[in-house]
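The chain contents come next:
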Amino acid sequence: MLSHVFEGSELSGDALLDLKLNIPITRAHETAVQGDISLNGNRVVLANVPPLDNAQGSVYFTEKGLWANNLSASVYGEPATGSIETDNGKIAIKAQGRVTPTSIASIVNNPATDALMKHVTGQTQAEVSVNIDHGLSVQVTSDLVGLTSQMPTPFNKSAETAMALAFNYAPCSDKACASRMKLTIGNLFGLGIDYVADQNGSIHAKNGTIAVGQTLPTKPNGNGLAIFAKAQNFNYDNWQTVLADLSDAYEEDPNSNLKSLSLSRAVITVNNFDYHKLNFRNVNVNAQLGQSGQWTGSVASDLAKGRFIFVPEKRQSHALLRADFDYLHVPQPEIIVDEAMKVA
């Protein structure tokens, strides 16, 4: 039976209904239902999927489920086609359609994505699969052909360049979390977040991992947010505008999943790091947050090598940084002093 599969769903606009009922008078529990609904420019709202505008096609149903092939609709202003099927309370939705930076921002719906999409133009095709069966599972894939990124290296991209995007959100197979989200763009970028459920059933981010220039781990480790990054070149001046946009959006977003996660690990490797007029080569940073709230780690480059301890600012004490260097060379100390004065 369909039971509560479509509880909370809405259909607006005129549609044609063809319905047949077979109700045995002495065996009402054996009632048989058969029919179809012809959509003609309707608006369809289902739980856990974006609203469908100007929906066209036929939906067939019985007392056991419903089926629809060759449906078409507009999703955030972009055309899409797809199908829907139910079986014993399970729902399977498959769709293909065009996406743009504007529609991506609407689907993801957070200020940080809005900030990034300001630097992307064009359109591409994507495939979406949604399954609802004792939890929600969502898969999205695209080659991103047709989208152009004006972000600095290594996130710049021409429209002709293919870059495999994969998004997956599904219930966890173990008891470590309630659900797990994973987003990858080739080996260039990865984001994984584990969610846990509270007593009210609401989910919250438990831990997460960001990977840049390397493969995202199978699942986040430990608590908090870990960042693993590798890059051939990184020019801070080129990234300053994008980083400022992201920082502002992050602070303005009250529902950011990442905001609830404190940074707990950072492993960064950059072959050439340019900061204003300074150039650092073979930069390696490895830092970890301890249970006491104290950071420990090491830093190495052609200009410096050493170990450090950092204690963040607390109510009654200033932040403390203590470092023990094997060597330290500052080729243009006046630049360091000028930057320090700006921060102060």
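All of the points below concern the structure found in this document.

Cut-off values and rules
Residues numbered from 1 in each chain as written. Predicted model: local features only at pLDDT ≥ 70, side-chain atom pairs only at ≥ 80, totals over all residues. Heavy atoms only, no water. Helix = DSSP H or I, 4+ residues; strand = E, 2+ residues; numbered from the N terminus. Buried < 20%, exposed > 50% of the residue type's maximum accessible area, 1.4 Å probe, protein only. Contact = heavy atoms within 4.5 Å. Areas by Shrake-Rupley, 256 points an atom, 1.4 Å probe, with all protein chains shown as cover. Core = buried A, V, L, I, M, F, W, Y, C linked by side-chain atoms within 4.5 Å. Salt bridge = Lys/Arg side-chain N within 4 Å of Asp/Glu carboxyl O. Polar contact = N/O pair within 3.5 Å; in protein donor to acceptor, adjacent residues only side chain to side chain. Pairing = 2+ DSSP bridges. Disulfide = S-S within 2.5 Å.

Description of the overall build of the protein
Part 1 of the reasoning: When you go through the protein residue by residue, the secondary structure sums to four helices and 21 strands.
Part 2 of the reasoning: When burial is assessed residue by residue, the protein has 31% of its 344 residues classed as buried.
Part 3 of the reasoning: A fraction of 39% describes how many contacts in the protein between residues 6 or more apart in sequence connect residues 24 or more apart.
Part 4 of the reasoning: For the protein, the exposed surface amounts to about 20,900 Å²; the carbon and sulfur share of it is 54%.

Quick notes on the environment of Pro 171
Part 1 of the reasoning: In this structure, Pro 171 sits in strand β12 (residues 165-171).
Part 2 of the reasoning: Relative accessible area serves as the criterion here: at 35%, Pro 171 is assigned to the partly exposed category.
Part 3 of the reasoning: Residues Pro 171 and Met 181 lie ten residues apart in sequence; the distance between their C-alpha atoms is 8.9 Å.
Part 4 of the reasoning: When near neighbours in sequence (up to four residues on either side) are disregarded, Pro 171 contacts His 134, Gly 135, Leu 136, Ser 137, Ala 178 and Ser 179.

Structural notes on the nonpolar core
Part 1 of the reasoning: The biggest cluster of nonpolar side chains holds 45 residues, and the ones touching the most others in it are Ile 84, Ile 93 and Met 181.
Part 2 of the reasoning: Setting aside anything within four residues of it in sequence, one finds Ile 93 in contact with Leu 46, Val 49, Ser 83, Ile 84, Val 128, Ser 129 and Val 130.

So, the pattern of salt bridges
Part 1 of the reasoning: Using the criterion set out here, one finds eight salt bridges in the structure.
Part 2 of the reasoning: We note a salt bridge from Asp 133 to Lys 90, for which the minimum N-O separation is 3.8 Å. A residue pair is termed long-range when its members are at least 10 positions apart, and Asp 133 in the loop between β9 (124-132) and β10 (136-142) and Lys 90 in strand β7 (residues 90-99) qualify at 43 residues.
Part 3 of the reasoning: By relative accessible area, which is 42% here, Lys 90 ends up partly exposed.

Considerations on the side chain of Ser 179
Part 1 of the reasoning: Within the fold, Ser 179 resides in strand β13 (residues 179-185).
Part 2 of the reasoning: Engagement of the side chain of Ser 179 in a polar contact is seen with the side chain of Tyr 169, the distance being 2.9 Å.
Part 3 of the reasoning: Non-local contacts of Ser 179, meaning those with residues more than four positions away in its chain, are made with Tyr 169, Ala 170, Pro 171, Cys 172, Ile 193, Asp 194, Tyr 195 and Ile 203.

What to know about unusual backbone geometry
Part 1 of the reasoning: In this model, Thr 153 is joined to Pro 154 through a cis peptide bond whose omega is 10°.
Part 2 of the reasoning: By secondary structure assignment, the location of Pro 154 is in the loop between β11 (147-149) and β12.
Part 3 of the reasoning: Although it is not a glycine, Asn 70 sits at a positive phi angle of roughly 60°.
Part 4 of the reasoning: Mapped onto the elements, Asn 70 comes out in strand β5 (residues 65-75).
Part 5 of the reasoning: Owing to a relative accessible area of 72%, Asn 70 belongs among the exposed residues under this scheme.

Digging into the environment of Asn 279
Part 1 of the reasoning: Within the secondary structure, Asn 279 sits in strand β18 (residues 278-289).
Part 2 of the reasoning: By relative accessible area, Asn 279 is classed as partly exposed at 33%.
Part 3 of the reasoning: When residues no more than four places from it in sequence are discounted, the contact partners of Asn 279 are Asn 272, Phe 273, Asp 274 and Leu 303.
Part 4 of the reasoning: Engagement of the side chain of Asn 279 in a polar contact is seen with the side chain of Asp 274, the distance being 2.6 Å.

Thoughts on the pairing of β7
Part 1 of the reasoning: Pairing geometry for strand β6 (residues 78-87) and β7, over eight bridges, is antiparallel. Opposite Thr 86, over in β7, you have Ile 91 as the bridge partner.
Part 2 of the reasoning: The antiparallel pairing of β6 with β7 creates a hairpin that spans two residues between the two strands, and Asn 88 there sits at a positive phi of about 55°.
Part 3 of the reasoning: Looking at chain direction, β7 and β9 are connected through nine bridges and run antiparallel. Counted as the bridge partner of Ile 93 is Val 130 from β9.

Here we look at the pairing of β10
For a regular strand, side chains alternate in direction, first toward one face of the sheet and then toward the other.
Part 1 of the reasoning: The sheet contact formed by β9 and β10 spans six bridges and is antiparallel. Counterpart to Val 130 in the pairing with β10 is Val 138.
Part 2 of the reasoning: Linking β9 back to β10 in an antiparallel pair, the connection comprises three residues, with His 134 at a positive phi of about 55°.
Part 3 of the reasoning: Here β10 runs beside β12; their pairing, made up of five bridges, is antiparallel.

Some remarks on the state of the cysteines
Disulfide: a covalent bond connecting the sulfur atoms of a pair of cysteines.
Part 1 of the reasoning: With the rule as written, the count across this model stands at one disulfide.
Part 2 of the reasoning: Across the disulfide, Cys 172 is cross-linked to Cys 177 (sulfur-sulfur distance 1.7 Å). Taking the torsion about the S-S bond as the criterion, the Cys 172 to Cys 177 disulfide, at about -85°, is left-handed. Just as Cys 172 is buried, Cys 177 falls in that class too.

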